[in-house]
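# Observations on chain architecture
Given next are the chains, with one letter for each unit.
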Amino acid sequence: MATSLALPLAGKVAIVTASTQGIGLAISRRLAKDGARVVISSRKQGNVDKAQKQLQDEGLDVTGMVCHVGNAEDRKTLVTKTLERNGSIDILISNAAANPAMGNIFDTTEEQWTKIFDTNVKSAFFLAKEVAPHMQKKGNGNIVFVTSIGGYQPFELLGCYSVSKTALLGLVKAMAPQCAEMGIRVNGVAPGVIRTKFSAPLHTSTSIAEEVLKQVPVKRFGEPVEVAGTVSYLVSDDASYVTGETIVIAGGMQSRL
Ligand SMILES: NC(=O)c1ccc[n+]([C@@H]2O[C@H](COP(=O)([O-])OP(=O)(O)OC[C@H]3O[C@@H](n4cnc5c(N)ncnc54)[C@H](OP(=O)(O)O)[C@@H]3O)[C@@H](O)[C@H]2O)c1
């Protein structure tokens, strides 16, 4: 007997920031496979074109545009163009992050703190603020912030970045009550060390990788697709009673504040 099961995100429109490679690209692919119409973006047109073609060649309903999340005009354009093309916005995955500083925390500069907090925290909030009224109109929406295991247990050489990710854990909690009144669920995911370009310094050298994996009970790095599945769950009706939470996806790494 033939069965027809609707895809879990059929009819939904999703914006995923920083989505031309790595975790954002994997999330975009998964949400599109689950039925959503997905708008990808990043800073460089060439990267957007390449990722859009890759996903469209896989038969997925994906369009792309440039959006540097630190630029208020870009954020506004992302929202207005998504609405023009797709009619609504149901899902926002806030995935962009900057990390210009690697070293001891007392060696970081005020410029680096400004850049990291502007991109990782302030821009994330203001894009959510731009999108929320459109979700409220429908009485339904989902926002997911991509934070990090470093938000719970700071990486020694990524102090400022880690603190910015702790701030996102707070942002999820701070937004949840008002979002609930607006019909929006807001959650976070906190990946551990996932194999992407961003984390390459941690997994490309065998000696460093061995050292890092001592902290990872499952003794391997994560893959972007393993973050994507959790995000898809959080924005689906299966998570209809989940809001104000952050799910750690870190192979058992320590995750207490
Ligand atoms: N990989 C990990 O181990 C790990 C662990 C925990 C958390 N995370 C978090 O996961 C997220 C994605 O990281 P990833 O590992 O997937 O990185 P990635 O593979 O290096 O990809 C970064 C993506 O972000 C885009 N991008 C960079 N700056 C941007 C900006 N200001 N505005 C818009 N797009 C921007 C890049 O494209 P363009 O160059 O074209 O802009 C690219 O598509 C980040 O929030 C990161 O903090 C990663």
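Residues numbered from 1 in each chain as written. Predicted model: local features only at pLDDT ≥ 70, side-chain atom pairs only at ≥ 80, totals over all residues. Heavy atoms only, no water.

### Description of the pattern of salt bridges
Inspection of the entire model under this criterion finds nine salt bridges. Close ionic contact of K122 with D118 constitutes a salt bridge, the shortest N to O distance being 3.6 Å. Pair noted here: K122 and D118 are both in helix 4 (residues 110-138), with a separation of four residues, about one helical turn. Classification of D118 by relative accessible area gives partly exposed; the value is 30%. (Salt bridge = Lys/Arg side-chain N within 4 Å of Asp/Glu carboxyl O. Helix = DSSP H or I, 4+ residues; strand = E, 2+ residues; numbered from the N terminus. Buried < 20%, exposed > 50% of the residue type's maximum accessible area, 1.4 Å probe, protein only.)

### Digging into the packing of helix 4 against helix 5 (residues 159-182)
Geometrically, a packed helix pair is captured by the angle between its two axes and the distance between the axes. For the pair helix 4 and helix 5, the least separation of the axes is 10 Å and the interaxial angle reads 15°. By the criterion of interaxial angle, the relationship of helix 4 to helix 5 is roughly parallel. Two packed elements cross with a definite hand, and for helix 4 against helix 5 that hand is right-handed. Judged by residue contacts, W113, I116, F117, N120, V121, A124, F125, A128, A132 and Q136 of helix 4 engage C160, Y161, V163, S164, A167, L168, L171, M175 and M182 from helix 5. Looking at side-chain class alone, the contact of helix 4 with helix 5 contains 16 nonpolar, three polar and no charged residues. (Axes fitted to C-alpha atoms, helices over the stretch in contact; angles between N-to-C directions. Parallel < 35°, antiparallel > 145°, perpendicular 65-115°, else oblique. Left-handed = near helix turned anticlockwise from the far one by under 90°. Contact = heavy atoms within 4.5 Å. Nonpolar A, V, L, I, M, F, W, Y, C, P; charged D, E, K, R; others polar.)

### Structural notes on the nonpolar core
Considering soluble globular proteins, one finds that nonpolar side chains tend to be buried as a cluster. Counting 28 residues, the largest nonpolar core has I27, L31, V38, I93 and V189 as the members making the most contacts within it. With six residues, helix 1 (residues 22-33) is the largest single contributor of residues to this core. In this structure, V38 is in contact with A14, V16, S28, L31, A32, D61, V62 and T63, ignoring residues within four places of it in sequence. I15, V39, V79 and L127 belong to the second largest nonpolar core, which has 27 residues in total. (Core = buried A, V, L, I, M, F, W, Y, C linked by side-chain atoms within 4.5 Å.)

### Looking at the site of the ligand
Around the ligand, the surrounding shell holds 28 residues, and the nearest of these are T20, S42, N95, Y161 and T196. For the ligand, a nitrogen atom lies 3.1 Å from a polar atom in the backbone of V69. For the ligand, whose unbound accessible area comes to 900 Å², protein coverage reaches 92%. Elements represented by at least two residues in the shell around the ligand include exactly helix 1 and helix 5. Here the residues of the shell around the ligand sort into twelve nonpolar, twelve polar and four charged. (Near = heavy atom within 4 Å. Polar contact = N/O pair within 3.5 Å; in protein donor to acceptor, adjacent residues only side chain to side chain. Areas by Shrake-Rupley, 256 points an atom, 1.4 Å probe, with all protein chains shown as cover.)

### Some thoughts on the packing of aromatic side chains
The full count for this structure, using the stated rule, is three aromatic pairs. Ring plane angle 5° and centroid distance 5.7 Å describe the contact between W113 and F117, whose orientation is recorded as stacked. Taken together, the positions of W113 and F117, both in helix 4 and four residues apart, correspond to about one turn of that helix. Residue classification places W113 among the partly exposed residues on the basis of a relative accessible area of 29%. Judged by relative accessible area, which is 25%, F117 ranks as partly exposed. Seen in terms of ring centroids, Y161 and F198 are 5.6 Å apart; in terms of plane orientation they differ by 50°. Their pairing is tilted. One end of the pair, Y161, is in helix 5; the other, F198, is in the loop between strand 6 (184-191) and helix 6 (200-203), with 37 residues separating them in the sequence. Taking relative accessible area as the criterion, Y161 reaches 7% and is therefore assigned buried. Residue F198 is classed as partly exposed on the basis of its relative accessible area, which comes to 48%. (Phe/Tyr/Trp six-rings, centres within 6.5 Å; stacked < 30°, edge-to-face > 60°.)

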